[in-house]
Amino acid sequence: MTTRAEPGDDQSDPGLSAIMSERRWLINLGYRLLGSLADAEDVVQETYARWYAMSAREQQAIESPGAWLVTVASRICLNLLGSARARRETYVGDWIPEPLPEPTEWITGRSGVGGIDPADRVTLDESVTMAFLVVLDSMTPAERVAFVLHDVFRYPFGEVAEIVGRTPAACRQLASSARRRIGTVQTPAGPSAGQAGIVRQFKTAWEAKDIDALISLLDPDATATADGGGLAVTHLHPIVGGEQIARAYAEIARVSGDRTTFLECTVNGLPGLVAQQDGNLATVFAFEIADDRIRHIWAVRNPEKLRPWRIR
């Protein structure tokens, strides 16, 4: 399927409106399963293509089209997760999930789309924070699908089993294993003034190249990870330790000079920063904050992952 429904289309196809109403749900599911908005959009497009490849009689024989769409999309994601592990072996540097802008400020960027399409927004909650997505990415494909479908989207294990191709008991074990990993992540329910204040203080100290102030805002065991994908210059390995991060970031500020400006933006539902160099988008920063200290910084510089931010 290459076009969206236009007003009045449901008069000639009564089922079209119901089918298209599932689009946002599928985008939300795909993003959490794959950590990539672009891949989620491709999965949804492929899912609808398979629906419309069926005859009208085959479509009418499906008791719950919504459940069919979710099953097909989830299976496509499961296959993609398996192949993604092989692709990561040749990825340059660390792979970070695609950062997500605040939904009222971005569009999908698909050709022919003008303005913000509510059907293409990803609902922001604790399951799309960068810390949460990074842990999801460490799971096996089956663990990730079982956990997201059951714990995030509340599908019963009987339905999850049909999608994953395991028994309900096996899916329950997969979700339990995934839950233990997620238990290590502190997932705030939403942005707070305290979090925003810490990110703002970090921005101010960074711009001032104030190493002591940066150290005071960072957890002593903090880590900073960057993703350039071989398409943008960045550090290939995580920087470990608050003092080491502070000195490295102060050096980055010194080298970039007045060419770089920082904007305070919502990144995956939490306070973050966007760096512009010479007026062009360069990096999106996401933060994990615990006990009033920055515990992790994720810096995404891979231009392919910054597409939604360039069209805001």
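The structure under discussion appears in the preceding block.
A quick note: this is a predicted structure, and the numbers were derived from the prediction, not measured. (Residues numbered from 1 in each chain as written. Predicted model: local features only at pLDDT ≥ 70, side-chain atom pairs only at ≥ 80, totals over all residues. Heavy atoms only, no water.)

**Student:** Residues and numbers for the overall build of the protein, please.
**Tutor:** The secondary structure content of the protein amounts to 14 helices and six strands. If you take every contact in the protein between residues at least 6 apart in sequence, the share linking residues at least 24 apart comes to 64%. Surface summary for the protein: the accessible area is close to 14,700 Å², and the carbon and sulfur share equals 51%. (Helix = DSSP H or I, 4+ residues; strand = E, 2+ residues; numbered from the N terminus. Contact = heavy atoms within 4.5 Å. Areas by Shrake-Rupley, 256 points an atom, 1.4 Å probe, with all protein chains shown as cover.)

**Student:** Report on the pattern of salt bridges, specifying residues and quantitative values.
**Tutor:** In total, this model carries 14 salt bridges according to the counting rule given. The shortest N-O distance in the salt bridge between glutamate 143 and arginine 181 comes to 3.1 Å. Remark: arginine 181 occurs in helix α10 (residues 168–182) and glutamate 143 occurs in helix α8 (residues 141–152); sequence separation between them is 38 residues. Of the residues examined, glutamate 143 reaches a relative accessible area of 6% and is grouped as buried. On the basis of relative accessibility, which here comes to 30%, the residue arginine 181 falls in the partly exposed class. (Salt bridge = Lys/Arg side-chain N within 4 Å of Asp/Glu carboxyl O. Buried < 20%, exposed > 50% of the residue type's maximum accessible area, 1.4 Å probe, protein only.)

**Student:** Tell me about the sheet that holds strand β4 (residues 270–277), and please be specific about residues and values.
**Tutor:** One open sheet holds the six strands; their spatial order is β2-β1-β6-β5-β4-β3, and the pairing between them is mixed. A strand with exactly one partner marks an edge of an open sheet, and here the two such strands are β2 (239–240) and β3 (260–267). With six bridges connecting them, strand β1 (residues 218–227) and strand β6 (residues 293–300) associate as parallel partners. For alanine 224, the partnering residue across the bridge sits in β6 and is isoleucine 297. Each of β1, β3, β4, β5 (280–290) and β6 touches helix α11 (residues 193–207); the most contacted strand, β4, lies at about 25 degrees to it. (Pairing = 2+ DSSP bridges. Axes fitted to C-alpha atoms, helices over the stretch in contact; angles between N-to-C directions.)

**Student:** Would you mind going over the nonpolar core in detail, with residue names and values included?
**Tutor:** Core analysis: the largest hydrophobic core is formed by 64 residues, its most contacted members being Tyr31, Leu136, Val145, Leu149 and Trp309. Among the elements that line this core, the one with the most residues is helix α6 (residues 65–88), at eight residues. Within the second largest apolar cluster, 25 residues are counted, among which are Ala226, Ala246, Tyr249 and Ile294. (Core = buried A, V, L, I, M, F, W, Y, C linked by side-chain atoms within 4.5 Å.)

**Student:** Describe the packing of helix α3 (residues 23–34) against helix α4 (residues 37–53), and please don't skip the residues or the numbers.
**Tutor:** How two helices sit against one another is set out by the angle between their axes and by the gap between those axes. The interhelical angle for the contact between α3 and α4, taken along N-to-C directions, is 130 degrees, at an axis separation of 8 Å. Classified by the angle their axes make, α3 and α4 are oblique. You can see that α3 and α4 cross each other, and the crossing is right-handed. Here α3 contributes Arg23, Leu26, Ile27, Gly30, Tyr31 and Leu34 to the contact with α4, which in turn contributes Leu37, Asp39, Ala40, Glu41, Val43, Val44 and Tyr48. Residues that form the contact of α3 with α4 fall into these classes: nine nonpolar, one polar and three charged. (Parallel < 35°, antiparallel > 145°, perpendicular 65-115°, else oblique. Left-handed = near helix turned anticlockwise from the far one by under 90°. Nonpolar A, V, L, I, M, F, W, Y, C, P; charged D, E, K, R; others polar.)

**Student:** Now, about the side chain of arginine 32: what can you tell me, with residues and values included?
**Tutor:** Here arginine 32 lies in helix α3. With residues near it in sequence (within four places) discarded, arginine 32 still touches Val122, Thr123, Asp125, Ser127, Val128, Leu133, Leu136, Arg144, Val148, Val152 and Phe153.

**Student:** Explain the packing of aromatic side chains to me, using residue names and the numbers behind them.
**Tutor:** As enumerated under the stated definition, the model contains ten aromatic pairs in all. A ring pair is formed by tryptophan 51 and tryptophan 68, whose centres lie 5.3 Å apart and whose planes are at 65 degrees; its orientation type is edge-to-face. Of the two residues, tryptophan 51 is situated in helix α4 and tryptophan 68 in helix α6; the sequence distance between them amounts to 17 residues. Consider the rings of tryptophan 206 and phenylalanine 262, whose centres lie 4.5 Å apart with planes at 35 degrees: the pair is tilted. Pair noted here: tryptophan 206 is in helix α11 and phenylalanine 262 is in strand β3, with a separation of 56 residues, a long-range link. The exposure class of tryptophan 206 is buried, given its relative accessible area of 2%. A relative accessible area of 12% means that phenylalanine 262 is categorised as buried. Ring-pair connections join several aromatic residues into one group, and the members of that group are Phe202, Trp206, Tyr249, Phe262, Phe285 and Phe287. The ring of tryptophan 95 carries arginine 88 above its face, with NZ or CZ at 3.6 Å from the centroid. (Phe/Tyr/Trp six-rings, centres within 6.5 Å; stacked < 30°, edge-to-face > 60°. Lys NZ or Arg CZ within 6 Å of the ring centre and 35° of its normal.)

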